[in-house]
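Take a look at the letters that make up each chain.
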Amino acid sequence: MKLGVAAPETLVDINHLPLHDVVRRPDGGLRIGAGVRNSELAAHPVVRRHYPVLSQALLAGASGQLRNMATTGGNLLQRTRCRYFMDATKPCNKRVPGSGCPARDGDHRNLAVLGASDACVATHPSDMAVALVALDAVARVTGPDGERTIPIEVLHRLPGDQPHRDTVLEPGELITAVDLPPLGLPSAYRKARDRASYAFAVGSVAACLRLDDQGRVDDARLAFGAVAHKPWRARAAEEALRGGPATREAFLAAADAELAAAEPLRDNAFKVPLIRNLVATTLEELR
Ligand SMILES: Cc1cc2nc3c(=O)[nH]c(=O)nc-3n(C[C@H](O)[C@H](O)[C@H](O)COP(=O)(O)OP(=O)(O)OC[C@H]3O[C@@H](n4cnc5c(N)ncnc54)[C@H](O)[C@@H]3O)c2cc1C
Ligand code: SF4
């Protein structure tokens, strides 16, 4: 709104809604109210102990002051940091459908290498959302047609020919909470950025890994950030890992299986080896 990107006629303050609690679910998981602040969630003892990937992702985002204000719902629904989207004097299919995408031939160093379209090559900037996708988290939503649940993995869309739609939410729908299933796997988040703090990711990896008695991969979950219009669940890499050896070579091969689909632009091909190395390093930390 400050930049003139959005000019809503009406603003609704949802701060007074009772969405500020983190509670244990009967199955051992967690329900996180949509109004819970990022700093509060990162510091929650159950999150720190059982979902370190989420705590680490939250603490890797923004600054202390911003995390004190940012909410679970708002962080999920933040919009792209593509410079043309944020400059209301420039054309941008996401801001003004049909006006064009100057990023494709312009400044796209930090834009998408996976799942982009001719209409838009933007990335989703959230760190928290990448961890939530790896954790199989589910958004609870209420709206004019009642309540529904949406796995975070499918909450955000790929751009296709409708890049103005970031998510599958319908007008009038409100996220009330995010549910986390119980997690029995060690987990971690790694973020690469242009400076050591207070910077958006140029690439990130959320990983969960469990080995069996023989030291082979029993279960693995991976999601990538800053590489696509949505947090990217790396299903092909997970498939390649399962049952295999927990070696750096196997981790790199799994990353390659996912990144075979990458279509880098002129200036962002560096993201492919960056993610590849982040995958291997993060999984090595967990084995
Ligand atoms: C300088 C800067 C650096 C940042 N760096 C990072 C970073 O490195 N990593 C990172 O992950 N984030 C980063 N952020 C994002 C930040 O952490 C906030 O989450 C983000 O700015 C959104 O603010 P908010 O959470 O207050 O949401 P708001 O601004 O209140 O909301 C964002 C959008 O979501 C909608 N919304 C909010 N809650 C709901 C709900 N419950 N249901 C439906 N719609 C809802 C709002 O209507 C609005 O459209 C950065 C932000 C800034 C300004
Ligand atoms: S990449 Fe997407 S957000 Fe950026 S200019 Fe192109 S259409 Fe707009």
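Bear in mind that the values here come from a model prediction, so they are computed numbers and not experimental data. (Residues numbered from 1 in each chain as written. Chains lettered and ligands numbered in written order. Predicted model: local features only at pLDDT ≥ 70, side-chain atom pairs only at ≥ 80, totals over all residues. Heavy atoms only, no water.)

Draft legend 1. Fine view of the packing of helix α9 (residues 248-259) against helix α10 (residues 271-286). At a minimum axis distance of 9 Å, the contact between α9 and α10 shows a crossing angle of 140°. Classed by the angle they form, the pair α9 and α10 counts as oblique. Here α9 and α10 pass one another in a crossing that is right-handed. For the pair α9 and α10, contact is made by R248, F251, L252, A255, D256 and L259 and by V272, I275, R276, N277, V279, A280, T281, L283 and E284, respectively. Residues belonging to the contact of α9 with α10 are distributed by class as follows: 9 nonpolar, 2 polar and 4 charged. (Axes fitted to C-alpha atoms, helices over the stretch in contact; angles between N-to-C directions. Helix = DSSP H or I, 4+ residues; strand = E, 2+ residues; numbered from the N terminus. Parallel < 35°, antiparallel > 145°, perpendicular 65-115°, else oblique. Left-handed = near helix turned anticlockwise from the far one by under 90°. Contact = heavy atoms within 4.5 Å. Nonpolar A, V, L, I, M, F, W, Y, C, P; charged D, E, K, R; others polar.)

Draft legend 2. Quick look at the packing of aromatic side chains. Enumeration according to the criterion identifies 0 aromatic pairs in this entry. For the cation-ring pair, R83 lies above Y84, with the distance from its terminal atom to the ring centre recorded as 5.8 Å. (Phe/Tyr/Trp six-rings, centres within 6.5 Å; stacked < 30°, edge-to-face > 60°. Lys NZ or Arg CZ within 6 Å of the ring centre and 35° of its normal.)

Draft legend 3. Examining the UniProt feature "domain: FAD-binding PCMH-type" (unreviewed entry) in the protein chain more closely. Per the UniProt record, "domain: FAD-binding PCMH-type" (unreviewed entry) is found at residues 1-185. Here residues 1-185 is 23% helix and 14% strand, with 41 Å between the C-alpha atoms at its ends. (UniProt positions renumbered as here; feature names shortened; annotations may be inferred.)

Draft legend 4. Fine view of the site of ligand 2. Near ligand 2 you find 13 residues, and of these C82, C92, C101, C120 and V121 are the closest. Counted by class, the shell around ligand 2 contains 11 nonpolar, 1 polar and 1 charged residues. (Near = heavy atom within 4 Å.)

Draft legend 5. Here's a closer look at the sheet that holds strand β9 (residues 232-233). Strands sit in the order β6-β7-β8-β9 across an open sheet of 4 strands; the sheet is antiparallel. Every interior strand has two partners, whereas the edge strands, β6 (187-193) and β9, have only one. Relative to the sheet, helix α3 (residues 52-59) contacts β6 and β7 (201-211), its axis offset from that of β6 by approximately 20°. (Pairing = 2+ DSSP bridges.)

Draft legend 6. The pattern of salt bridges, seen in detail. Using the criterion set out here, one finds 27 salt bridges in the structure. D179 is the salt-bridge partner of R31, the closest N and O atoms lying 2.7 Å from each other. Linking R31 in strand β2 (residues 30-33) with D179 in strand β5 (residues 174-180), this pair joins segments that are 148 residues apart in sequence. Note on R31: relative accessible area 30%, which makes it partly exposed. Where R242 meets E239, a salt bridge forms, and the shortest distance between an N and an O atom there is 3.7 Å. Looking at E239, the relative accessible area reads 54%, which means it is exposed. (Salt bridge = Lys/Arg side-chain N within 4 Å of Asp/Glu carboxyl O. Buried < 20%, exposed > 50% of the residue type's maximum accessible area, 1.4 Å probe, protein only.)

Draft legend 7. Highlighting unusual backbone geometry. Located in the positive-phi region is A62, a residue other than glycine, with phi close to 55°. Mapped onto the secondary structure, A62 falls in the loop between α3 and α4 (64-69). Positive phi, normally seen in glycine, also occurs at D136, with a value near 60°. Its location among the elements puts D136 in the loop between α6 (128-134) and β3 (138-143).

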